[in-house]
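Structural description and commentary
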Amino acid sequence: MTFIETRGNDGVKPSEATFSFAILNPSASFGGLYVPKRLPVLDFDFFKSHTKSSYKVLCKALFEKFDLDIETSDLEAALDRYDLFDDPKEPVPLSKIEDDAFVSELWHGPTRAFKDMALQPFGYILARLAQQRGEKYLIMAATSGDTGPATLESFKNAESVKVACLYPSGGTSDVQRLQMVTEDADNEKVIGIRGNFDDAQNALKGLLASESFKEKLKQSHTKLSAANSVNFGRIIFQIVYHIYSYLQLVQRGEVSMGEQVYLVVPSGNFGNALGGYYAKKMGLPVEKILIASNINNILTDLITKGEYDLGSRSLVQTTSPAMDILKSSNVERVLFDKFGAERTKQLMEDLEREGRYRLSEEELCLLREDFDAAFSSDEEAKAVIAAYAKKGYIMDPHTATCLKAYETLRKKSLKTVIYSTAEWTKFSPTVCEALGHSVRSDLEALEWVSENYGVEVPKMIRELFEKPIIHKTVIDKEHIEEEILKFI
């Protein structure tokens, strides 16, 4: 399978690229992204044959369908990273919370967030490709809280790879921050920036596209890539769990093979939702993908009104910070799939030049064939946390935003999969507040919820509060390039 570019080709980059090229060089022509030239089709026999397959077996089968230029032995070694999860035989548990609603818990990996699902195997593959080529790479990551810890965990002490991780200072939970700033691997640098996630992501995209920055890296014999979901190496692993969750429902007898379901995805940068969209296009029986947002609800405006307007709003810090994003990178891949490269380039140029774009009525109708959207306030999400805690299920504030979409957007009485993107331990003060108890620290919040609701705090979370702070750098965004070059 080859990959093409969302904004067309500039005559300099290859018109079609291999998977390995696309993940090592994620910045495409005109600042666009790489996408598969053609998605494979998964038929009834494929789903039926994998109803009882393990997660690793399903993942390997999906890669075979994509026919990528990755050695089978390297893929198998990458998938062995799932052995680091709570239960290697069941890395993605499915919990029933209503008669027709199931939570796919994507956070049972080493950093307690869904980013581990893709970054654990992806990190191995990228590092392995660098080693095979005898090349050194700088991997950049911009994070709103979960990508950073997962990237650092995946690449720590990897040969041939250095990592520069950008996070908004004050814009993550304390646990997320500690997961980054206590990382002691010599090949990693964590940089706090005075700004928000969009500032961090804009800096990352700018450096990925900067020829002068790449020339400076060449002086250290270093090439540049990225761990954010602008890299398709992340996305392909995010397709798998949508298929796996559906097959779990089939195996349990909750749905019959071929019966449609709703997917509810809490969305920031849209990679998780894009994985569901690709799974649907490939043949997964999905009625619609319901996008849940917090009050930074620019995705709700896009999907319900066809408007994407950065100028009409400012980023607001919420209790679901991983969704505090206004520029959702992976929307571009959906636009390309729906409207083609020429229109996508026009829309993205409008966004960059004017801070907004608007879909036509026909385009909006095409988008709404696959998506609908709703958003929740912090208070609404806290009420959901409290209600389900009484039923014996503790969820984090991102997962809690999904329940409003589940309750208000479904037009049919179909089973629904809700994607839980983080463990409650990463946002324990918010959970405490939702449960009517005020605390002075994350550690106090973790202990109170654990004692009063009988849920365990994982060892890797408890140990964070005893580790020394290694990364203390906080800078203005204008100095990011200078700081990274000092690190290199």
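This section reports on the structure supplied with the text. Values in this document were obtained by computation on a predicted structure and should not be read as measured data.

Another point: the overall build of the chain. The helix and strand tally for the chain stands at 22 helices and 15 strands. Relative to the 2.2 N^0.38 estimate, which gives 23 Å for 488 residues, the radius of gyration of the chain is 21 Å and therefore close to what a compact globule would have. In terms of overall dimensions, the chain has a C-alpha envelope of 60 × 50 × 50 Å along the principal axes. Across the chain, every contact between residues at least 6 apart in sequence was considered, and the portion connecting residues at least 24 apart equals 75%. Accessible surface computed for the chain: about 18400 Å², of which carbon and sulfur atoms make up 45%. A gap of 2 Å separates the mean positions of the 59 positive and 73 negative side-chain charges of the chain.

Now for the pattern of salt bridges. Scanning the model with the defined rule gives 40 salt bridges in all. As a salt-bridge pair, E483 and K189 come within 3.7 Å of each other at their nearest N and O atoms. One end of the pair, E483, is in helix α22 (residues 480–487); the other, K189, is in strand β7 (residues 188–194), with 294 residues separating them in the sequence. Judged on exposure class, the residue E483 and its partner K189 are both buried. In this structure, a network of salt bridges that share partners links the residues R7, E332 and E352.

Ranked by internal contacts, the top residues of the largest apolar core, which has 145 residues, are F237, I243, Y278, I291, Y357, F371 and I418. With 13 residues, the top contributor of residues to this core is helix α10 (residues 232–252). Those residues within four positions of Y278 in sequence are excluded, and the remaining contacts are V35, P36, L39, F232, I235, I239 and R333.

Moving on to the environment of G32. Considering the arrangement of structural elements, one finds G32 in the loop between α1 (19–24) and β2 (34–36). For G32, a relative accessible area of 1% translates into the label buried. Along the chain, G32 and K205 lie 173 residues apart, while their C-alpha atoms are 9.8 Å from each other. Setting aside residues no more than four positions away along its own chain, G32 makes contact with T6, R7, P26, S27 and E332.

Bringing the pairing of strand β3 (residues 94–98) into the picture now. The pairing of β3 with strand β4 (residues 101–105) spans 4 bridges and is classified as antiparallel. Across the sheet, L94 pairs through a bridge with S104, a residue of β4. Here β3 folds back onto β4 in antiparallel fashion, the turn holding 2 residues.

Moving on, we come to the sheet that holds β7. As summarised here, the arrangement of the 5 strands in space is β8-β5-β6-β7-β15, forming an open sheet in which the pairing is parallel. Edge positions in the open sheet fall to β8 (222–226) and β15 (474–476), since each of these has one partner strand only. Each neighbouring strand pair of the sheet contributes to a mean axis angle of 30°, computed without reference to strand direction. Two elements, β7 and β15, share 3 bridges in a ladder whose sense is parallel. Bridged to R194 within β15 is D476.

Here helix α13 (residues 331–339) crosses helix α15 (residues 361–368) at 110°, and the two axes come no closer than 11 Å. Judged by the inter-axis angle, α13 sits roughly perpendicular to α15. Once α13 is placed against α15, the crossing between them reads as right-handed. Of the residues in α15, those in contact with V334, K338 and F339 of α13 are E363, L366 and L367. Broken down by class, the residue content of the contact of α13 with α15 amounts to 4 nonpolar, no polar and 2 charged.

Before going further, it helps to spend a moment on the sheet that holds strand β9 (residues 261–266). Consider a sheet: its strands pair through backbone hydrogen bonds, and that pairing is either parallel or antiparallel. Spatial ordering of the open sheet is given by β3-β4-β14-β9-β10-β13, a layout of 6 strands whose pairing is mixed. A single partner strand is all that each edge strand has here, and the edge strands are β3 and β13 (371–375). Each strand of the sheet is rotated relative to its neighbour by a mean of 25°, with strand direction disregarded. Along the sheet, α10 makes contact with β3, β4, β9 and β14 (416–420), crossing β14 at roughly 135°. Against the sheet, helix α12 (residues 298–305) engages β10 (286–293) and β13, with an angle of about 140° to β13.

The rules behind each value
Residues numbered from 1 in each chain as written. Predicted model: local features only at pLDDT ≥ 70, side-chain atom pairs only at ≥ 80, totals over all residues. Heavy atoms only, no water. Helix = DSSP H or I, 4+ residues; strand = E, 2+ residues; numbered from the N terminus. Rg over C-alpha atoms; globule rule 2.2 N^0.38 Å. Contact = heavy atoms within 4.5 Å. Areas by Shrake-Rupley, 256 points an atom, 1.4 Å probe, with all protein chains shown as cover. Lys, Arg positive; Asp, Glu negative; His and termini not counted. Charge placed at Lys NZ, Arg CZ, Asp CG, Glu CD. Salt bridge = Lys/Arg side-chain N within 4 Å of Asp/Glu carboxyl O. Buried < 20%, exposed > 50% of the residue type's maximum accessible area, 1.4 Å probe, protein only. Core = buried A, V, L, I, M, F, W, Y, C linked by side-chain atoms within 4.5 Å. Pairing = 2+ DSSP bridges. Axes fitted to C-alpha atoms, helices over the stretch in contact; angles between N-to-C directions. Parallel < 35°, antiparallel > 145°, perpendicular 65-115°, else oblique. Left-handed = near helix turned anticlockwise from the far one by under 90°. Nonpolar A, V, L, I, M, F, W, Y, C, P; charged D, E, K, R; others polar.

That is the geometry; function is a separate question.
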